[in-house]
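Spelled out from the first residue to the last, the chains are:
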Amino acid sequence: MNTPSLLRIATRKSALALWQTEHVASRLRALHPGLAIELVPLSTRGDEILDRSLAAIGGKGLFLKELEVAIEAGRADCAVHSLKDVPMELEAPFALAAILERADPFDAFVSNRYACLDDLPRGARVGTSSLRRQVQLRAHRPDLELRDLRGNVNTRLARLDAGEYDAILLACAGLMRLGFDARIRDRLAPPDFLPAAAQGAIVVECRADDTATRALLAALDHAPTRRCVEVERAMNLRLGGSCQFPIAGYCTESVDRWHLQALVGDRDGREILRAEGFADAAGRDALGTQVAEDLLARGADRLLAG
Ligand SMILES: NCc1[nH]cc(CCC(=O)O)c1CC(=O)O
């Protein structure tokens with residue numbers, strides 16, 4: 001196998017996407033000093049559709065397609081994504097060559113006036129377009145007024161600062177990567193609040209048969225993160241979900257033991273179903289499906305269809 005001298009990495013152009021791609025590039029430069037790295041910045045449909053909620057568009061892989069097309073056309077060797085935006089089933093020629101160690105997986109409560117969710121006055125306006133965040137907010141605080149909020153991290157913070165919302169929810173990982181740690185007033189943590197499957201994990205995708213690129217990327221893979229996010233994604237897959245559905249799941253690993261907590265909600269946020277499961281190494285591959293089936297047996301499909 002020839003070691004490539006150049007690696008071209010496709011990336012979206014948002015500040016967060018560029019940070020994540022730069023992060024991957026700098027890790028690779030440290031591992032492979034002779035390797036030249038080129039970024040290939042691209043726009044995706046998900047970046048261009050800002051006037052409708054992602055849930056309404058409903059497309060899977062809205063943030064991936066154009067990057068995958070570039071790989072297939074030979075204009076890039078690999079692409080960097082937030083794993084939570086990657087569909088549960090990849091298109092046939094592709095593989096998740098490296099899953100990096102997960103950063104803070106939880107959602108952040110961000111507000112200029114209030115320290116935490118429970119400090120919000122009755123009827124406060126909270127911005128999030130994520131159905132997953134909306135159903136959990138409604139379950140916890142039915143009085144809140146939930147308002148749509150789309151756009152990249154910087155846009156969302158600017159709209160909070162302009163006074164459109166009393167608080168907004170964003171992923172901690174994205175805020176921290178962009179240097180907005182100080183904006184995190186509170187973290188919405190389990191067991192009450194669960195993140196999206198694989199939230200906080202960065203992934204590098206390439207052609208499954210591109211052994212040279214896979215060899216370059218292999219050292220970036222973080223096995224404990226991969227094991228946990230695989231459990232979360234298996235749960236999501238069994239529920240037919242993508243990040244456009246009100247599904248949440250969080251798996252932790254301690255010595256040879258995995259714990260998955262999951263929930264699904266209905267679109268109105270009137271109902272929420274929770275489940276959890278434990279497995280050892282022998283049972284880990286089945287854990288996600290088992291917890292999903294527990295949820296389905298209790299009516300998850302009816303909730304998600306509604
Ligand atoms: N859906 C957009 C998206 N995809 C990944 C992240 C944050 C970074 C991560 O989860 O790794 C975000 C922003 C957010 O949800 O606040």
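These lines cover the structure that appears in this document, whether it is placed above or below. Here the structure is a predicted model, which means the values were calculated and not measured.

Across the sheet, which stays open at both edges, the five strands sit in the order E2-E1-E3-E10-E4 with mixed pairing between neighbours. The strands lining the two open edges of the sheet, one partner per strand, are strand E2 (36–42) and strand E4 (94–99). The mean angle between the axes of side-by-side strands here comes to 30 degrees, regardless of whether they run parallel or antiparallel. As paired elements, strand E3 (residues 78–82) and strand E10 (residues 202–207) share five bridges and run antiparallel to each other. Counted as the bridge partner of Val-80 is Val-204 from E10. In the packing of helix H1 (residues 15–31) onto the sheet, contacts are made with strand E1 (6–12), E2, E3 and E10, and the angle to E1 comes to roughly 160 degrees.

What follows deals with the packing of aromatic side chains. Geometry of an aromatic ring pair is reported as the spacing of the ring centres plus the angle between the planes. Evaluation of the coordinates by the stated rule reveals one aromatic pair. For the pair Phe-106 and Tyr-250, a centre-to-centre distance of 5.1 Å together with 70 degrees between the ring planes defines the contact as edge-to-face. In this pair, Phe-106 is assigned in the loop between E4 and strand E5 (107–110) and Tyr-250 in strand E11 (residues 247–254), connecting sequence segments 144 residues apart. Among the residues examined, Phe-106 registers a relative accessible area of 9% and is labelled buried.

A few words on the pairing of E11. Alignment of E11 against strand E12 (residues 257–265), held across eight bridges, turns out to be antiparallel. When the sheet's bridge partners are listed, Ser-254 is paired in E12 with Arg-257. In textbook terms, the turn of a hairpin is the stretch between consecutive antiparallel strands, and for E11 and E12 this stretch comprises two residues, one of which, Asp-256, has a positive phi near 55 degrees.

The rules behind the values
Residues numbered from 1 in each chain as written. Predicted model: local features only at pLDDT ≥ 70, side-chain atom pairs only at ≥ 80, totals over all residues. Heavy atoms only, no water. Pairing = 2+ DSSP bridges. Helix = DSSP H or I, 4+ residues; strand = E, 2+ residues; numbered from the N terminus. Axes fitted to C-alpha atoms, helices over the stretch in contact; angles between N-to-C directions. Contact = heavy atoms within 4.5 Å. Phe/Tyr/Trp six-rings, centres within 6.5 Å; stacked < 30°, edge-to-face > 60°. Buried < 20%, exposed > 50% of the residue type's maximum accessible area, 1.4 Å probe, protein only.

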